[in-house]
Amino acid sequence: MQNQFQAKHLRAAVIAACIMASLPSLWGQKGAGSPEAANGTKVDLARARAALAAAKLPTRAEASIRARMEAAPEAFLAALAPLLADREADPMLLYRADKAKALPDRYEAPDLVSLDGKGLSVSKAGLRLRREAASALQAMSKAARAEGVTLLVSSTYRSYDYQTGVFDRNVKEMGRAAAEMVSAMPGHSQHQLGTAVDFGSITDAFAQTKASRWLEANARRFGFSLSFPKGMTEVTGYNWESWHYRYVGKAAASLEAAYFEGVQQYLMLFLDAL
Ligand SMILES: [Zn+2]
C-alpha cells in the first residue's frame, strides 16, 4: 500500500516535471521581459537556412523554397518578421498541428465567439471560432457576397471530445486506415485550434463550386489558407480537402504563397523548426 502510494506520488511529480519542461516550447521560447524577448522576432539568414534544412521537406520543395529565399534574403526576412511577432503574441495561431504533432494536452481554444448573428451563412447554429478568425471570416464572406458568391460555413471549432466522436465514427464506418486519411485523431485536429473552417458540402463535390473557386483565388487575402491541397497527401498525411481552410493571418498566408509554393504544411514545418 505504502509503495503504491509512493509510486503514485512519484508518477505525479514526474508528470508535473514533464509539463513544466514542455511549457517553454509550447508557449514560446522567450519569456516576456527577458533580454531575448526584444529579439525574439529577429531571425537572421543563417537561422532561416538551418530551419529550412531541419524542416525535412521533400527535396524538390526544399530546393525551390531555398532558391526563393536566397534570391532575396532581405525581403524574405522582412516578410517573415510579422509572423514571428504574431507567434510571440499568440503561440497557437501558427502552431503546427498534424499527424506527427499533437496540440497541447486537451487544449481548449480561448476567445471563442459564436458565428450566429454575424451575417454569415451557417449550416447550423452554435458554430464558434476564435475571435480574430471569426472577424476575418466575416470580412471574407462579405467580399465573396459582393461578388455573388455565398460561402456556407459548415464546421468550425471542434473540441477534443467532439473530435473523438468524429474519429471513432469514421473508424467504425470505414476502418482505421481509411479513417486516418479523412479525419484527425483527437488532439491532432486543426479544428481544435478554433481557427479552421470547413465550407459547403464537406465533400469532393465542393471543389466544383463557385465558392471553392472563389476561395482558391481569394482566401489568402483574408488570412486563410487551404490546409490539405490536392496531390499533397504524402506531405500533409490527409486526402485532398477542397473545403478545409485554416486562418493563419494575412502575413503568413502571403509568405506561404510567395515562398512556400502555397503549401501550408511546408510553412508550418519550417516555422516549427525555427
Ligand atoms: Zn475540416
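Calculation criteria
Residues numbered from 1 in each chain as written. Predicted model: local features only at pLDDT ≥ 70, side-chain atom pairs only at ≥ 80, totals over all residues. Heavy atoms only, no water. Pairing = 2+ DSSP bridges. Helix = DSSP H or I, 4+ residues; strand = E, 2+ residues; numbered from the N terminus. 1 Å grid on protein atoms, 1.4 Å probe; cavity = no way out; pocket = protein on both sides within 12 Å on 5 of 7 lines; lining within 4 Å. Points joined across faces, edges and corners; volume = space filled by probe spheres on them. Donors = N, O, S within 2.8 Å, 3.2 Å for Na, K, Ca; no water. Tetrahedral: all angles 85-135°; square planar, octahedral: opposite > 155°, others 65-115°. Buried < 20%, exposed > 50% of the residue type's maximum accessible area, 1.4 Å probe, protein only. Arc of directions from axis to C-beta. Contact = heavy atoms within 4.5 Å.

Draft legend 1. Seen up close, the sheet that holds strand β5 (residues 196-199). Taken together, five strands build an open sheet; the order of strands is β2-β4-β5-β7-β6 and the sheet is mixed. One side of each edge strand has no neighbouring strand; the edge strands of this open sheet are β2 (121-122) and β6 (224-226). In the sheet, strand β4 (residues 152-155) pairs with β5 via two bridges, with the strands oriented antiparallel. Paired with Ser 155 across the two strands is Asp 198, which belongs to β5.

Draft legend 2. Main features of the layout of surface pockets. In this model, the largest pocket occupies a volume close to 570 Å³. Considering the residues around the largest pocket, the lining is formed by 31 residues, among which Arg 158, Val 182, Ile 202, Glu 241 and Trp 243 are closest to the centre. Elements supplying a minimum of two residues to the lining of the largest pocket: β4, α6 (160-174) and α7 (176-182). The biggest single contributor to the lining of the largest pocket is α6, with six residues.

Draft legend 3. A look at the coordination of the zinc ion. Of the protein atoms, only His 191 (NE2), Asp 198 (OD), Asp 198 (OD) and His 244 (ND1) coordinate the zinc ion, at distances of 2.1 to 2.6 Å. Considering all four donor atoms around the zinc ion, angles at the metal cover 54 to 150° and the coordination shape is irregular. Mapping the donors of the zinc ion onto the primary sequence gives the spacing H-x6-D-x45-H. Taken together, the positions of His 191 in the loop between α7 and β5 and His 244 in strand β7 (residues 244-247) put the pair 53 residues apart, joining distant regions of the chain.

Draft legend 4. Layout of the pairing of β7. By the alternation rule, side chains of β7 split into His 244 and Arg 246 and Tyr 245 and Tyr 247, which are all buried. Where β5 lies against β7, three bridges are found, and the strand directions are antiparallel. Residue pairing across strands places Ala 196 opposite Arg 246, the latter belonging to β7. Sheet analysis places β6 next to β7, joined by three bridges and oriented antiparallel.

Draft legend 5. Inspection of helix α8 (residues 210-218) at higher detail. The set of residues buried in α8 consists of Ala 211, Ser 212, Trp 214, Leu 215 and Asn 218. For α8, the angular spread of the buried residues around the axis is 165°, confining them to a single face. Exposed residues on α8 whose side chains face more than 90 degrees from its buried face are Lys 210 and Ala 217. Summarising the contacts, the buried residues of α8 are in contact with α5 (131-146), β5 and β7.

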